[in-house]
Amino acid sequence: MRIDLMGCKVDNLNMEETLGVVEGFIHAGTPHQHVVVNVDKIVKASRDPALRQIINDCDLINADGMPVVWASRLLGKPLKERVTGVDLFEALMAQAAKKGWRVYLLGAREEVVSGVARLYPARYPGLTIAGYRNGYWKPEEEAQVVEQIAAARADILFVAISSPKKEAFLARYQAAMKIPFAMGVGGTFDVAVGLVKRAPVWMQNAGLEWFYRFLQEPRRMFRRYFIDDMAFVALFAREWVRR
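Below: a short report on this structure.

Moving on: unusual backbone geometry. Of the consecutive residues Ser 163 and Pro 164, the connecting peptide bond is found in the cis state with omega at 0 degrees. Structurally, Pro 164 can be placed in the loop between β7 (156-160) and α8 (165-177). You will see that Ala 108, though not glycine, has its phi angle at about 65 degrees, which is positive. Within the fold, Ala 108 resides in the loop between β5 (102-107) and α6 (110-123).

Between side chains of opposite charge, a pair can form when the charged atoms approach closely. Inspection of every chain in the model, using the stated rule, returns 14 salt bridges. Between Asp 4 and Lys 9 there is a salt bridge; the shortest N-O distance is 3.4 Å. The partner of Glu 209 in a salt bridge is Arg 198, with the nearest N and O atoms 3.0 Å apart. A residue pair is termed long-range when its members are at least 10 positions apart, and Glu 209 in helix α11 (residues 209-216) and Arg 198 in the loop between α9 (188-192) and α10 (201-205) qualify at eleven residues. Overall, Arg 198 belongs to the partly exposed group, its relative accessible area being 24%. Shared partners join several salt bridges into a network, and the residues in it are Arg 82, Asp 87, Arg 198 and Glu 209.

For the rest of this paragraph, the subject is the pairing of strand β4 (residues 60-63). Side chains of β4 alternate between two faces, with Leu 60 and Asn 62 and Ile 61 and Ala 63 buried alike. Two elements, strand β3 (residues 33-37) and β4, share four bridges in a ladder whose sense is parallel. When the bridges of β4 are listed, Val 37 appears paired with Ala 63.

Here is what the cut-offs are and how they apply
Residues numbered from 1 in each chain as written. Predicted model: local features only at pLDDT ≥ 70, side-chain atom pairs only at ≥ 80, totals over all residues. Heavy atoms only, no water. Helix = DSSP H or I, 4+ residues; strand = E, 2+ residues; numbered from the N terminus. Salt bridge = Lys/Arg side-chain N within 4 Å of Asp/Glu carboxyl O. Buried < 20%, exposed > 50% of the residue type's maximum accessible area, 1.4 Å probe, protein only. Pairing = 2+ DSSP bridges.

Right under this line is the structure:
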């Protein structure tokens, strides 16, 4: 069941159900786009109608972050659980190795994406990396990037570039790339190679993963967490009044 949270649609699925849906997409063979919705994404979508439309048009939308889950419960639309992009990436890499799905990695710096391409086949024997490319290209090179991805004939595409660029990129080119399942993963590649550490499980469950992230990069993350994302409170209050 798909619910509406402050203008963004979210599929009410747990991790196991999400993996089942993804497998169905891959078996179907036609292009499908995935997105995760967190506090930052909801705030950005409230200010950017084009981004909100891209999110709501996605074939699969998960809640990433406990504040979104808590908000859903308070608004009487309880989500089963959060399905984070990092956790889904890890689970899909494991599934890809078992089921023979081909994976393409796009984004991050060259040393990071190449590190993922090197580490994960060792972690999950049988995993096929159909190709990889860093996330830095000139506008005139974009068509070539799309052609390279299409030629790799991957089953899954992970895109590790920032929002809303990754959502717009996938919405624009999924039909041309013909990837059965394409997913934006933000900074997940940095986590995968150990450049960025995830919060302890207790902090994740307490909804404090964002704060752990802030402590690692306070300069870069201050504006996002303490200025821009504060608008989430107003969006929630507006929704609370309307319910």
